[in-house]
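Given next are the chains, with one letter for each unit.
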Amino acid sequence: MLTIVKSCNFETMRSRSAADNIRVTFKQAKIMTNRGSISITVNDQSHEIVEHSTVAELIEQKGLRNRAVAVEVNFVLIPQTAFDQTVLRQADHVEIVTLSGGG
């Protein structure tokens, strides 16, 4: 079963039972309360995210975890190996580019 969990101004796609989704939603709400939120710009659009979020968490929130992406924060290209360690800060400017093939 594929469901969309909405909580604290972000959407996360999950394949879980309804009970699991309630636990995930509660956990996300608790994280937002404990950590606060910040405003960043992602691909020229304003977004609110949980304070101390990493690039990896942002990619997951955007539903891009299993896709090939390139990420730039404040005009600096972030290596994929650093997504988990790169913490986003208030007013950061993020560009996320997905790669696609075709002819």
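Anything mentioned here points back to the structure above.
First, a word on what this report is: a plain description of the structure on this page. Note that the coordinates shown come from a computational prediction; the quantities given were computed from them, not determined experimentally.

### Section: the sheet that holds strand β4 (residues 45-50)
- If you walk across this open sheet you meet the five strands as β4-β3-β7-β5-β6, and the pairing is mixed. Each end of this open sheet is capped by a strand with a single partner; those strands are β4 and β6 (76-78). Going across the sheet, the axis of each strand differs from the next one's by a mean of 35 degrees, ignoring polarity.
- Of the pairings in the sheet, the one linking strand β3 (residues 37-42) to strand β7 (residues 93-98) comprises two bridges and is parallel in character. Each bridged residue has a counterpart across the sheet, and for threonine 41 the counterpart in β7 is histidine 93.

### With respect to the environment of threonine 81
- With respect to the secondary-structure elements, threonine 81 resides in the loop between β6 and β7.
- Sequence separation between threonine 81 and alanine 56 is 25 residues, and the spatial gap between their C-alpha atoms is 9.8 Å.

### Description of unusual backbone geometry
- Of note in the backbone geometry, histidine 52 takes a positive phi value of approximately 70 degrees without being a glycine.
- Along the chain, histidine 52 turns up in the loop between β4 and α2 (55-61).

### Some details on the side chain of histidine 93
- Position of histidine 93 among the secondary structure elements: in strand β7.
- Engagement of the side chain of histidine 93 in a polar contact is seen with the side chain of glutamate 95, the distance being 3.0 Å.
- Ignoring anything within four residues of it in the chain, the contact list for histidine 93 reads Thr41, Asp44, Glu72, Val73, Asn74 and Phe75.

Analysis parameters
Residues numbered from 1 in each chain as written. Predicted model: local features only at pLDDT ≥ 70, side-chain atom pairs only at ≥ 80, totals over all residues. Heavy atoms only, no water. Pairing = 2+ DSSP bridges. Helix = DSSP H or I, 4+ residues; strand = E, 2+ residues; numbered from the N terminus. Axes fitted to C-alpha atoms, helices over the stretch in contact; angles between N-to-C directions. Polar contact = N/O pair within 3.5 Å; in protein donor to acceptor, adjacent residues only side chain to side chain. Contact = heavy atoms within 4.5 Å.

Spatial relationships are all this shows, so hold off on functional conclusions.
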